[in-house]
Amino acid sequence: LDLLVSVDPFMTPTAMLADYILPPTLYYERADLPISFPGIAFYPMAWTQYAHPLIKPPADADLVEDWYVLWAVASRMGVQIRFNGQFDLDMEIAPTADELIAMRCHGSMIPLDEIKQHPGGKVYDVGDIRVQCGRPEADARFDVMPADVAAELAEALPGAERPGFTHLMSSRRMRDFFNSNGIHVANVRARNPVNPAFLNPDDMRALGVVDDEEIEIMSENGTIRAVVRADEALRSGVVSISHGWGELPAADPRAHDVRSHGSCINPLISDHMPVEKINAMPRMSAIPVNIRRAEPADG
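Residues numbered from 1 in each chain as written. Predicted model: local features only at pLDDT ≥ 70, side-chain atom pairs only at ≥ 80, totals over all residues. Heavy atoms only, no water.

## Some details on helix 3 (residues 97-104)
Among the residues of helix 3, Ala-97, Leu-100, Ile-101 and Met-103 are the ones counted as buried. The buried residues of helix 3 occupy an angular sector of 160 degrees when the element is viewed end-on, so they sit on one face. Residues of helix 3 that are buried make contact with helix 2 (66-77), strand 4 (82-83), strand 5 (87-88) and helix 4 (112-116). (Buried < 20%, exposed > 50% of the residue type's maximum accessible area, 1.4 Å probe, protein only. Helix = DSSP H or I, 4+ residues; strand = E, 2+ residues; numbered from the N terminus. Arc of directions from axis to C-beta. Contact = heavy atoms within 4.5 Å.)

Okay, structure coming up:
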């Protein structure tokens, strides 16, 4: 990259590579609503909460709200932002967070003013949501297994040809974390100090390792070290490890303190080969790998 600007409150590996780091306000310093995506239900009921700012940033701080960075860049470039698909923002005077939240809630089942009346959040009775009948002339149908999708899935099935490799690396999620969110929270890290590489117990016995020992995972692209942990729910031949952890990749994986920082899985993944045939994204799971017991870092 010619320029890397990181909007981040923590010194993450990405921030370490950045030319500039712009510090954003944190949770208690800004107004906010819970995370939401159209068509995706994050909660089992119709719950929401408007969070009032509880504290002001320090008087001499250079903090900005993370969205302001995008607005400011667009303003300098003369680019018009249409927010929430229907509101053209004033590109000379920055909106407030409350103004953006009001736009985000435009047309919602529960008005924003009503939501603000319940600072602790509330479960609302909005009735059942049902899919309406299709138009009479709509006769299209989904192809639930197109040929190209079937071919990609077949490559990941047991027995598929992966010469020279014994396992597939599968990316997984961990409780308390969403990507790298939560890694810098001390109470969360006390419960989850690392992102273990999980293996079937039979695979661990074959490697001669037990829980909390270290292993090396090797792909065509690179090698990482990880703390190993047994998971009886995993199929033999699969190693499962979470993304979003670890230090900047180094030439020698023994240079990483995986017990303090966790394991960065990026070295196992190529950004250009292979890529998914359908959407051209780099393959980030089902990576062919080999595994061995790790030698001591000072060995």
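## Some details on the pairing of strand 9 (residues 214-218)
In terms of burial, strand 9 is a largely internal element, 5 of the 5 residues being buried. Side chains Glu-214, Glu-216 and Met-218 project from strand 9 onto one buried face, and the interleaved Ile-215 and Ile-217 project onto a second face that is buried too. Sheet topology places strand 9 next to strand 10 (residues 223-230); 5 bridges connect them, and they run antiparallel. Considered in strand 10, the bridge of Glu-214 is made with Val-227. Turn length for the strand 9-strand 10 hairpin, with the two strands adjacent in sequence and antiparallel, is 4 residues. Here strand 9 pairs with strand 12 (residues 287-293) via 4 bridges, running antiparallel. Bridge pairing links Met-218 to Asn-290 in strand 12. (Pairing = 2+ DSSP bridges.)

## Topic: the nonpolar core
Among the nonpolar cores identified, the biggest contains 18 residues, and Met-169, Ala-197, Leu-199, Ile-215, Ile-217 and Val-239 are the most heavily contacted of them. Elements that contribute at least two residues to this core include exactly strand 8 (197-199), strand 9, strand 10, strand 11 (238-242) and strand 12. Contact partners of Ile-217, with chain neighbours within four places excluded, come to Ala-197, Gly-222, Thr-223, Ile-224, Ala-226, Val-239, Leu-268, Val-289 and Asn-290. Counting 8 residues, the second-largest nonpolar core is a separate cluster that includes Tyr-50, Ile-101, Cys-105 and Leu-112. (Core = buried A, V, L, I, M, F, W, Y, C linked by side-chain atoms within 4.5 Å.)

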